[in-house]
Amino acid sequence: WIPEERHVTKDDINRANAKHREDDVINKNNMEFIQTDERGLPILTSWEHYYRLRSLPPSSPVGLLATFPLTIYHAIQHYGTVPLVVAQMLERPLRIHVVGIEKELNFVDLFKEVGYLLPENVAVDMTWIVREDMFPENEDGRNLSLQLTTNLRLSIILGTYGDSLNPDFDMDGPPDMIIG
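The structure displayed is predicted, hence computed values, not measured ones. (Residues numbered from 1 in each chain as written. Predicted model: local features only at pLDDT ≥ 70, side-chain atom pairs only at ≥ 80, totals over all residues. Heavy atoms only, no water.)

Visitor: Lay out the overall build of the protein with the relevant residues and their values.
Guide: Within the protein, the regular secondary structure consists of 5 helices and 7 strands. Scanning the protein from its N terminus toward the C terminus, one meets helices and strands in the order α-β-β-α-α-α-β-α-β-β-β-β. The buried share among the 180 residues of the protein stands at 46%. Here the protein displays about 10,200 Å² of accessible surface, and carbon together with sulfur accounts for 55% of that area. (Helix = DSSP H or I, 4+ residues; strand = E, 2+ residues; numbered from the N terminus. Buried < 20%, exposed > 50% of the residue type's maximum accessible area, 1.4 Å probe, protein only. Areas by Shrake-Rupley, 256 points an atom, 1.4 Å probe, with all protein chains shown as cover.)

Pasting the structure below:
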């Protein structure tokens, strides 16, 4: 099983919490309900929360594949409050640079999940900084840009910080967050 390719809604959170209430009565679990923060982001504190929110059975292997995208979501959820507010005040997307992400180039579609978990009004420009020897061949040579979801754009840039790239001038502007 894999999650549906669509944004998470308040109805999904309500459904997941209703399912939790049923399970709680049957199994006497004391797992907490899924909440949202002041920005509307679902607060996911466990894999059980994620699986319930996305209507996945516990036997689904999606957790093995979604580790990288959910790590980025976790960083936004826990450390992105100020950067997100500033980006929204400036009426621009949250800019995130991700370095050391060469292995994940084979799993670009999985990163749609970051966009699906964020409210649709939270725009993110994610830039992957990729070493030259790991960069996929493409028509543009050094850059590749993909619109993964309505609120998540991915740019893949050839280079390394400090050697060939200056993050303040070689991209769309300085990053709000850097994840490595």
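Having seen the model, we can carry on.
Visitor: Before we move on, can you summarise the nonpolar core with the specific residues and values?
Guide: Nonpolar side chains in soluble globular proteins generally cluster together in the buried interior. Ranked by internal contacts, the top residues of the largest apolar core, which has 42 residues, are Ile76 and Trp128. When residues of this core are assigned to their parent elements, the largest contribution, 7 residues, is made by helix α3 (residues 62-79). The contact partners of Ile76, leaving out residues within four places of it in the chain, are Arg39, Leu41, Thr81, Leu94, Ile96, Val114, Leu118 and Met177. (Core = buried A, V, L, I, M, F, W, Y, C linked by side-chain atoms within 4.5 Å. Contact = heavy atoms within 4.5 Å.)

Visitor: Can you break down the pairing of strand β5 (residues 143-149) residue by residue, with the values?
Guide: Alignment of β5 against strand β6 (residues 152-158), held across 6 bridges, turns out to be antiparallel. Bridge pairing in β6 places Thr149 opposite Leu152. (Pairing = 2+ DSSP bridges.)

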